[in-house]
Amino acid sequence: MSLVADNKSAVTQTLLDQLQSKSSKVAFMPDAEIISAIRYLEDKGIPNNKHEDYKYCNIEAVLRKEFKSVEQAFNELTNSDIAPLKIDEAINLVVVNGVYSEELSEKMIVKGLTVKSLNELSSTEKALLCSQAKSDTDALIALNTTFSANGLFLQIDKNNIIPMPLHVIYVNSGSANIVTNTRSFINVQANAQATLIESFYNIGSAKVFSNFVGEKFVGENAKLTCHTFQNEGALSYSVNTNQVKINKYSNYSNTTMTLSGELVRNNHNVVLADSNCEAHLNGLFISSGTQQIDNHTLIDHQMPHCESNELYKGIAKDKSAGTFNGKIFVRKDAQKTNAYQSSKNILMSDDATINTKPQLEIYADDVKCSHGTSTGKIDTEALFYLKARGIGEESARKLLLQAFAQELIDKIEIPSLQERVLHLFEKAL
Amino acid sequence: MISIKNLHASIGDKEILRGINLEVKAGEIHAIMGPNGSGKSTLSSVLAGREDYDVTEGEVTFNGKNLLDLSTEDRAREGLFLAFQYPIEIPGVSNINFLRTALNEIRAYHGQEEMAAKDFLALVKEKSKLVELDAKLASRSVNEGFSGGEKKRNEIFQMAMLNPKLAILDETDSGLDIDALRIVATGVNKLKSKDNATIVITHYQRLLDYIVPDFVHILYKGRIVKSGGKELALEMEAKGYDEIKKEFEIAD
């Protein structure tokens with residue numbers, strides 16, 4: 001199969017050629033999805049700033065500038081590489097350059113828990129792949145589907161509660177420029193509950209373009225509590241797409257903590273597919289240098305009596321930039337919807353930029369929806385008050401920024417993860 | 001303690017202080033009274049180091065140091081304390097953490113070691129009693145959701161914790177009912193010693209029934225136009241500021 005992208009996008013063509021020459025065929029993805037993905041890529045190419053959703057996040061430019069040649073020089077990792085990334089109170093599972101590593105993952109037999117790589121899926125499990133993340137909706141999903149590495153499948157069988165957090169460590173590592181297409185599927189069946197931590201790292205010496213797609217399905221009356229921890233460093237350019245579908249009486253929450261990364265683009269899309277379910281999306285980032293952190297969320301209320309809450313905060317230092325784009329759909333049938341969204345940001349320098357854009361599209365008439373956004377400098381009155389008590393300028397600033405972030409840090413219910421976030425956050429201030 | 005000579009200060013093009021002279025010695029309580037807009041709060045803001053004001057003339061010596069050369073935080077570390085007229089709410093910063101940070105930065109400035117957690121908590125317990133501040137308020141966010149009276153008591157609690165040499169109480173009586181006023185005043189009186197001094201800025205004589213001043217100064221249009229003993233405050237209360245206004249009308 002030859003991949004021919006639109007002539008308009010030489011970047012897309014180069015990338016496809018390079019990846020194709022270095023990848024083996026993806027056997028576990030449905031053929032129809034791969035065909036549809038390739039068509040989509042041919043048609044649309046990799047998004048640049050002319051695409052509405054990528055206006056502030058020009059992925060094409062990043063690939064043109066930083067990934068002219070993709071070496072795919074992957075590093076092998078050992079237990080000693082992974083040990084510092086683990087979280088003590090969790091079951092630690094490891095995905096290296098997109099490939100689930102049974103060898104580096106902790107082996108524990110937990111009732112109702114299935115952990116396997118994508119090429120080991122049964123035919124029913126295989127049918128789930130691409131059920132949430134459709135190739136014909138987004139070029140990065142299409143790219144991931146076409147070149148997906150042998151990622152991770154996690155399932156919590158119905159009626160099971162996993163007693164400890166599951167920690168998936170997604171780590172990239174290359175010795176020369178690499179592009180990774182990491183894929184995972186988390187299936188929480190009816191009446192099941194789990195807490196999930198997904199951590200993203202780059203421990204190589206080379207630049208990484210990381211294109212992650214996570215599909216998550218939360219069954220009836222099930223609960224999935226997620227924490228996304230991103231600390232990929234200055235050599236990383238990553239797009240993380242989470243495509244989530246939640247069902248009747250279910251509860252889904254995610255808190256994304258972004259502590260570093262040259263470019264981090266998070267697409268967190270949640271479909272509330274049936275009545276009486278709730279979704280909570282939270283995020284905190286701190287950026288410095290020339291970093292760019294983008295959080296895009298899409299909450300799709302399809303049925304009545306559901307609730308969604310979003311709280312995103314950002315602190316932009318130096319010449320860094322942040323974006324929050326939150327779209328809420330309330331469909332015709334989604335009466336009695338409660339949807340709230342809030343985005344608050346602090347600019348720490350005159351050269352830092354924040355773009356926020358709430359978008360509410362409401363087609364039902366009996367709903368409560370609100371959104372609020374604020375971007376400003378640090379509160380000078382509060383700063384003066386602290387200084388008037390003998391607290392130095394720098395500590396006063398830190399106290400206020402910590403206070404700003406605290407309500408999000410408090411949402412991390414896993415002590416050692418909270419400690420890790422707090423430590424890195426304080427260091428980044 | 002503090003010596004203010006010919007202090008002029010303005011905000012933008014507007015001159016608010018037009019030559020203040022004031023000398024406060026250790027052990028003394030001075031009251032500064034005056035009508036609205038006379039410059040009372042500007043004086044306290046300038047002394048505390050608020051950056052909105054420009055000092056255009058004059059000097060202020062605080063314990064032998066040129067106060068105007070010091071940053072806001074260093075003024076506090078040298079022992080200057082301003083009880084705010086409108087204490088700021090700081091959600092997310094606990095009172096305790098705030099005070100521990102303040103106390104330890106002041107100690108570090110004087111080359112002292114950090115206070116042990118146990119000693120700090122004992123101090124919190126002791127000093128919160130002084131202003132009858134509920135121990136729960138100490139662990140809450142700074143002034144967040146506090147009533148007007150609680151905010152003012154919290155100011156005096158902070159003063160007790162930081163043990164300043166010179167405390168400036170800026171309209172501490174505003175918005176207080178009589179019980180809260182008594183509690184705040186009792187706290188201030190208990191903190192008084194021969195080594196520290198207090199400047200009470202107030203609109204009304206009422207507070208001075210509880211905190212009895214050694215000297216009373218009347219501020220009008222940016223100058224101290226009259227000074228006297230505590231009886232001057234009673235005189236002002238009885239006659240109002242109209243006489244002063246007539247006598248010292250300054251052409252703008």
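Residues numbered from 1 in each chain as written. Chains lettered and ligands numbered in written order. Predicted model: local features only at pLDDT ≥ 70, side-chain atom pairs only at ≥ 80, totals over all residues. Heavy atoms only, no water.

## A word on the overall build of chain B
- In terms of regular secondary structure, chain B is built from 10 helices and 12 strands.
- Here the C-alpha radius of gyration of chain B, 18 Å, is about what a compact globule of 252 residues would show, namely 18 Å.
- Dimensions of chain B, computed from the C-alpha atoms along their principal axes, are close to 55 × 40 × 35 Å.
- Taking as baseline every contact in chain B between residues at least 6 positions apart, the subset at least 24 positions apart corresponds to 71%.
- In the structure as shown, chain B presents an accessible area of about 11300 Å², 48% of it carried by carbon and sulfur atoms.
- Each charge class in chain B was averaged separately, 33 positive and 40 negative side chains, and the resulting centres sit 4 Å apart. (Helix = DSSP H or I, 4+ residues; strand = E, 2+ residues; numbered from the N terminus. Rg over C-alpha atoms; globule rule 2.2 N^0.38 Å. Contact = heavy atoms within 4.5 Å. Areas by Shrake-Rupley, 256 points an atom, 1.4 Å probe, with all protein chains shown as cover. Lys, Arg positive; Asp, Glu negative; His and termini not counted. Charge placed at Lys NZ, Arg CZ, Asp CG, Glu CD.)

## As for the pairing of strand S9 (residues 166–170) of chain B
All names here are of chain B.
- Counting buried positions along S9 yields five of five residues, so the element is predominantly enclosed.
- The side-chain alternation of S9 yields two buried faces, one formed by Leu166, Ile168 and Asp170 and the other by Ala167 and Leu169.
- Bridge count between S9 and strand S10 (residues 197–202): five bridges; the pairing is parallel. Bridged to aspartate 170 within S10 is isoleucine 201. (Buried < 20%, exposed > 50% of the residue type's maximum accessible area, 1.4 Å probe, protein only. Pairing = 2+ DSSP bridges.)

## A closer look at the pattern of salt bridges
- Taken as a whole and assessed by the stated rule, the structure comprises 27 salt bridges over all chains.
- With a shortest N-O distance of 2.9 Å, arginine 331 of chain A and aspartate 300 of chain A are connected by a salt bridge. Residue arginine 331 of chain A is located in the loop between strand S16 (321–330) and strand S17 (338–347), and its partner aspartate 300 of chain A is located in strand S14 (residues 292–301); the two are separated by 31 residues in the primary sequence.
- You can call arginine 331 of chain A partly exposed: its relative accessible area is 32%.
- Residue aspartate 300 of chain A is classed as buried on the basis of its relative accessible area, which comes to 7%.
- A salt bridge links glutamate 105 of chain B to arginine 77 of chain B; its shortest N-O distance comes to 2.8 Å. Within this pair, whereas glutamate 105 of chain B is found in helix H3 (residues 95–109), its partner arginine 77 of chain B is found in helix H2 (residues 72–77), the two being separated by 28 residues in sequence.
- Judged by its relative accessible area of 17%, glutamate 105 of chain B is buried.
- Classification of arginine 77 of chain B as buried rests on a relative accessible area of 13%.
- What you see here is one network of salt bridges that share partners, running through Lys65, Glu66 and Lys207 of chain A. (Salt bridge = Lys/Arg side-chain N within 4 Å of Asp/Glu carboxyl O.)

## Comments concerning the interface of chain A and chain B
- Contacts between chain A and chain B engage 16 residues on the former and 30 residues on the latter.
- For the pair chain A and chain B, the summed buried area comes to about 1900 Å², and 65% of that belongs to carbon and sulfur atoms.
- Broken down residue by residue, the surface that chain A buries against chain B is led by Phe384, Tyr385 and Arg389 of chain A, which jointly contribute 41%.
- Taken together, chain A and chain B are joined by two salt bridges.
- Between arginine 389 of chain A and glutamate 155 of chain B there is a salt bridge whose closest N-O contact spans 2.7 Å.
- Put simply, chain A and chain B have 11 residue pairs in polar contact (both at pLDDT 80 or more) between them.
- When residues of the side of chain A that touches chain B are traced back to their parent elements, those giving at least two are helix H7 (380–387) and helix H8 (393–409) of chain A. (Buried area = accessible area lost by both parts, 1.4 Å probe. Polar contact = N/O pair within 3.5 Å; in protein donor to acceptor, adjacent residues only side chain to side chain.)

## Overview of the environment of glycine 34 of chain B
Residues and elements named next belong to chain B.
- Looking at the element boundaries, glycine 34 is found in the loop between strand S3 (29–33) and helix H1 (40–48).
- For glycine 34, a relative accessible area of 0% translates into the label buried.
- Placed 211 residues apart in sequence, glycine 34 and lysine 245 show a C-alpha to C-alpha distance of 10.0 Å.
- If sequence neighbours within four positions are ignored, glycine 34 has contacts with Lys40, Thr202, His203, Leu219 and Tyr241.

## As for the domain arrangement of chain A
Residue and element names in this part refer to chain A.
- Assigned domains of chain A: these are domain 1 (10–274) and domain 2 (379–429).
- The centre of domain 1, based on its C-alpha atoms, is set 31 Å off from the matching centre of domain 2.
- Each partner contributes residues to the interface: domain 1 has 16 residues there, and domain 2 has 13 residues.
- In total, about 1100 Å² of surface goes out of reach between domain 1 and domain 2, with carbon and sulfur atoms giving 71% of it. (Domains from an automatic or database assignment.)

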